[in-house]
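So the chains spell out like this:
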Amino acid sequence: MSLNPSEWTVFMERLEAAEQEFVQGRPAEFQSLWSQADDVTLCGGFGGVERGWQSVISRLDWVSTKYADGSRTSEEISSVVGADFAYLVQTEVIRARLAGQAQFSIQELRATMLFRREQEGWRIVHLHADSQMLTRPPK
């Protein structure tokens, strides 16, 4: 299958909008962009490792309940898009009320996402996000 640049662009626009919805506590659109295969994986910004569609979707439901009134910005570090596989490395800043807190919190993350083109179009197959933004030598 050959790469259709406009299909990728539309998917990335949907992804950006879905991630904005997610930090508002509304996960449905973000979840709809994930592959439903057993090989999907999530290493999220709140820790843990999930594998398989049911585990990933449950974790995304749980994480979305932690955010309210959020906004998100990102900066792309690197990306490669092939005919059927792509990756994106970026930094993210999420500003939201966390778990019912009155004040806003800021969460800075580095994130890597892997994508695969499936029959329905582009889908997320892996997300790894963590808050290890500072370079530190091992102890």
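Everything discussed here concerns the structure shown above.
How each quantity is defined
Residues numbered from 1 in each chain as written. Predicted model: local features only at pLDDT ≥ 70, side-chain atom pairs only at ≥ 80, totals over all residues. Heavy atoms only, no water. Core = buried A, V, L, I, M, F, W, Y, C linked by side-chain atoms within 4.5 Å. Buried < 20%, exposed > 50% of the residue type's maximum accessible area, 1.4 Å probe, protein only. Helix = DSSP H or I, 4+ residues; strand = E, 2+ residues; numbered from the N terminus. Contact = heavy atoms within 4.5 Å. Polar contact = N/O pair within 3.5 Å; in protein donor to acceptor, adjacent residues only side chain to side chain. Expected span 1.5 Å × (residues − 1). Arc of directions from axis to C-beta.

Provide a residue-level description of the nonpolar core, including the pertinent values.
The biggest cluster of nonpolar side chains holds 30 residues, and the ones touching the most others in it are Phe 30, Trp 34, Phe 115, Ile 124 and Leu 127. Contributing elements (two or more residues each) for this core: α1 (5-22), α3 (53-64), β4 (85-98), β5 (104-118) and β6 (121-130). Beyond its immediate chain neighbours, meaning those up to four positions away, Leu 127 contacts Phe 30, Trp 34, Thr 41, Leu 42, Cys 43, Ala 111, Thr 112 and Met 113.

Tell me about the side chain of Gln 31, residues and numbers included.
With respect to the helices and strands, the residue Gln 31 is situated in helix α2 (residues 28-32). Relative accessible area serves as the criterion here: at 11%, Gln 31 is assigned to the buried category. Here the side chain of Gln 31 touches Asp 61 through a polar contact of 2.8 Å, side chain to side chain. Apart from residues lying up to four places away in sequence, Gln 31 is in contact with Trp 53, Ile 57, Leu 60 and Asp 61.

Can you tell me about α3, naming the residues and giving the values?
Residues spaced three or four apart along an α-helix point in a common direction, a consequence of the helix completing one turn every 3.6 residues. Under the 1.5 Å per step criterion, the end-to-end length of α3 is 16 Å for 12 residues, consistent within 8% with the ideal 16 Å. Among all positions of α3, only Trp 53, Val 56, Ile 57, Arg 59, Leu 60, Val 63 and Ser 64 are buried. On an axial view of α3, the arc spanned by its buried residues comes to 160°, and they lie on one face. The elements touched by buried residues of α3 are α1, α2, β1 (41-43), β2 (50-51) and β3 (67-81).

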